[in-house]
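Examination of the molecular architecture
Residue strings, one per chain:
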Amino acid sequence: FAVPVYQFEWPDITDPQGEHRDFIAYPGTCVPHDAHGDTTPSSDVADMGWTKTGDITYMDDVYKAKIPINYHVGCMGLAPESHSFVDSIPPMPTGGNLDNKRIGIGTTMYYPVEVAGALLSMGDAHAAQGDSELDGTGIETSITGKFKISVIKAVDFTPAQALLDFPLGETESEWIVHGFTETDYLETYADNPGDIYGASTIDKAMKNAFTQTRKFVMAEYGLTDAEATTIITQGVDFGMTQLVDGNWGVHGIVPKIIFSTTIPDANQNPNVSPKMAAPEADISLSSDNVHWGYFSKELEPVLTVSSGSEVVVEMATHHACDDWDKMIKGDAGMEDVFSWDQTGKLEDFRGATGGGDGVHVLTGPIYVEEAEPGDILKVEIMDLMPRPNAEGKTYGSNAAAWWGFQARVNKADGAPFLAGSFTSTPGQNDEVITIYEIMDENGQGFAVPVYQ
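Nothing here was measured: the structure is a model prediction, and the numbers come from that model.

1. Some details on the sheet that holds strand β3 (residues 20-21)
On the basis of which strands lie adjacent, the open sheet formed by three strands has the order β3-β2-β4 and antiparallel pairing. At either margin of the open sheet sits one strand with a lone partner, and together these are β3 and β4 (51-53). Inspection of the sheet shows strand β2 (residues 12-14) paired to β4 by three bridges, in the antiparallel sense. The partner of I13 across the bridge, within β4, is K52.

As structure tokens, this is what we get:
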């Protein structure tokens, strides 16, 4: 489980290059913390040249909620053919930032392949998240995942796979259909894909999720339109996947039992407990093995595999700098990825939120030798393991941020949500970070708030 450790109000920060950051700007903005509660921060962040105006406001006595752990991969997908580089935030037919909490252990994802080698990348791991990702993030943390990657050739497609133009998920008991405001925003807004941010609506996403689900069950199970519609109405659950990423998402959960006379095992959802030891990685965390905030068909692969290979991939959360000492310090791979001092920041996309660039630290890409345009890449998620810090503890961060859905709604007191210069209210900011500790109790994992 994850337990809140503390919360803090986002401070007024200046980065080592002198850029002012008075609202949350990922990826890689490092927070120069003050001593608070029982915590005395190291000088690492300040030594790199990060400064802030005034003291940070901390809430160390936060409610010790215990959030059940559900490790999942927020952003995983393939490079599209249509553009050389695309923002990693809005989801697309080849996957990307779905932010669906069901993309975890035991789930298999199916992605349409558009470029040779498929060029699979993954990152943005979450320890927990509810449907909608309401305030802008899950409990963002760093993990290591084990995946089995296989190619399905067109000659072997099922009827539904032959029509696949969205990322499809499968578990032992369910199908997971993804719909978006635009099925392919890169086609709709080909000249300026960033226009999707101002055009996202949940109404269109719901309509799209329904039509994709109808198309899928008609093809997969040979149903008529009328049969599909009534079965979907009675047996399929729709949920808001995310309302924060641009190209908002709605998913449909299709229980396989609807189409089967066999009663499945009652234990359909494995109890996922944090495991503190990860196997040796095929792609370890380093600045050479990650790219920040985009998918691209022009990236050189960091690993080449054949169809059917199993790979172990280390992933870093782009929220790690919210608390350097708890999520980075003493971890050589994390320090190599996130160090940002006056000599440079290693990656020009760092801190580019709001400028039309993505934010996620993505490990990869992985070139799959047999994958060709027209194929489907099958990625089985075999295990997901937390990444402990040097002290053996695991932490995650949640940002109640300007891009969250709550920022579009007045606060409980009726006042609007403010986010510094982003909302043209410098010096006034309602954004809050919550740091969670991921714990185990009697074999059950929880995320518990530690501080804000």
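2. A word on the packing of aromatic side chains
Counted under the stated rule, the structure contains 16 aromatic pairs. Taking 6.2 Å as the distance between ring centres and 90° as the angle between the ring planes, the aromatic pair formed by F23 and W402 counts as edge-to-face. Here F23 is found in the loop between β3 and α1 (44-47), whereas its partner W402 is found in the loop between β23 (394-400) and β24 (432-441), with 379 residues between them in sequence. W402 shares its class with F23; the two are buried. Taken together through their ring pairs, the aromatic side chains of Y6, F8, W10, Y58 and Y451 make up a single cluster. In this arrangement the basic side chain of K66 is found over the ring face of F1, its NZ or CZ atom lying 5.1 Å from the centre.

3. Considerations on the pairing of strand β15 (residues 237-242)
Here β15 pairs with strand β16 (residues 249-255) via five bridges, running antiparallel. Of the residues in β16, the one forming a bridge with Q242 is G249.

4. A word on the pairing of strand β7 (residues 72-78)
Within β7, seven of the seven residues are buried, leaving the element largely enclosed by the surrounding structure. Direction of pairing for β7 relative to strand β11 (residues 120-126): antiparallel, over a ladder of six bridges. Bridge pairing in β11 places G77 opposite S121.

5. Brief notes about unusual backbone geometry
Look at the link from G364 to P365: it is a cis peptide, with omega at 5°. Here P365 shows up in strand β21 (residues 361-368). Even without being a glycine, D124 presents a positive backbone phi close to 55°. Looking at the secondary structure, you find D124 in strand β11. Phi at N247 takes a positive value of approximately 50°, unusual for a residue other than glycine. For N247, the location among the structural elements is in the loop between β15 and β16. The class of N247 is buried, set by a relative accessible area of 0%.

6. Side note on the packing of helix α3 (residues 202-221) against helix α4 (residues 225-235)
Interhelical geometry of α3 versus α4 gives an angle of 120° and a closest axis separation of 9 Å. Overall, the two elements α3 and α4 adopt an arrangement that is oblique. Crossing handedness for the pair α3 and α4: right-handed. When α3 is examined against α4, the residues F210, T213, R214, V217 and M218 are found in contact with a partner set consisting of D225, A228, T229 and I232.

7. Points about the side chain of K326
Looking at the element boundaries, K326 is found in helix α5 (residues 324-327). Buried charge K326 goes without a salt bridge, the closest partner of opposite sign being D323 at 4.0 Å. Residues contacting K326, with those up to four places away along its chain left out, are V5, Y6, T39, N389, Y395, I435 and Y451.

8. Let's talk about the pattern of salt bridges
Counted by the stated rule, this structure contains 14 salt bridges. One salt bridge in this structure joins D131 and R102, with 2.8 Å as the shortest N-O distance. One end of the pair, D131, is in the loop between β11 and β12 (143-152); the other, R102, is in the loop between β9 (95-96) and β10 (108-112), and 29 residues separate them in sequence. Since its relative accessible area comes to 30%, D131 is described here as partly exposed.

9. Points about α3
With 20 residues, α3 ought to run about 28 Å at 1.5 Å a step, and its terminal C-alpha atoms sit 28 Å apart, in line with that. Where α3 is concerned, the buried positions are A205, N208, A209, Q212, T213, F216, V217 and A219. Taken end-on, α3 shows its buried residues confined to a sector of 165°, consistent with a single buried face. Exposed positions of α3 whose direction lies more than 90 degrees from the buried face are D203 and K207. Looking at the packing, one finds that the buried side of α3 touches β13 (168-170), β14 (174-180), α4, β15 and β16.

10. Re the nonpolar core
Within the largest apolar cluster, 42 residues are counted, with the highest numbers of intra-cluster contacts made by F8, I24, W324, F338, I433, I435 and Y451. For this core, the elements supplying multiple residues, two or more each, are β1 (2-9), β17 (290-292), α5, α6 (332-338), β23, β24 and β25 (444-451).

11. Here's the deal with the sheet that holds β15
Spatially, the eight strands line up as an open sheet ordered β15-β16-β14-β13-β10-β22-β12-β20, and their pairing is antiparallel. On the outer flanks of this sheet lie β15 and β20 (309-315), each paired with one strand and no other. With direction set aside, neighbouring strand axes in the sheet form an average angle of 25°. In this structure, β10 lies alongside β13, joined through three bridges in antiparallel fashion. Note that in β13 the partner of M109 across the bridge is G169. Of the strands in this sheet, β13, β14, β15 and β16 touch α3, which is tilted by about 140° from β14.

Procedures and definitions
- Residues numbered from 1 in each chain as written.
- Predicted model: local features only at pLDDT ≥ 70, side-chain atom pairs only at ≥ 80, totals over all residues.
- Heavy atoms only, no water.
- Pairing = 2+ DSSP bridges.
- Helix = DSSP H or I, 4+ residues; strand = E, 2+ residues; numbered from the N terminus.
- Phe/Tyr/Trp six-rings, centres within 6.5 Å; stacked < 30°, edge-to-face > 60°.
- Buried < 20%, exposed > 50% of the residue type's maximum accessible area, 1.4 Å probe, protein only.
- Lys NZ or Arg CZ within 6 Å of the ring centre and 35° of its normal.
- Axes fitted to C-alpha atoms, helices over the stretch in contact; angles between N-to-C directions.
- Parallel < 35°, antiparallel > 145°, perpendicular 65-115°, else oblique.
- Left-handed = near helix turned anticlockwise from the far one by under 90°.
- Contact = heavy atoms within 4.5 Å.
- Lys, Arg positive; Asp, Glu negative; His and termini not counted.
- Salt bridge = Lys/Arg side-chain N within 4 Å of Asp/Glu carboxyl O.
- Expected span 1.5 Å × (residues − 1).
- Arc of directions from axis to C-beta.
- Core = buried A, V, L, I, M, F, W, Y, C linked by side-chain atoms within 4.5 Å.

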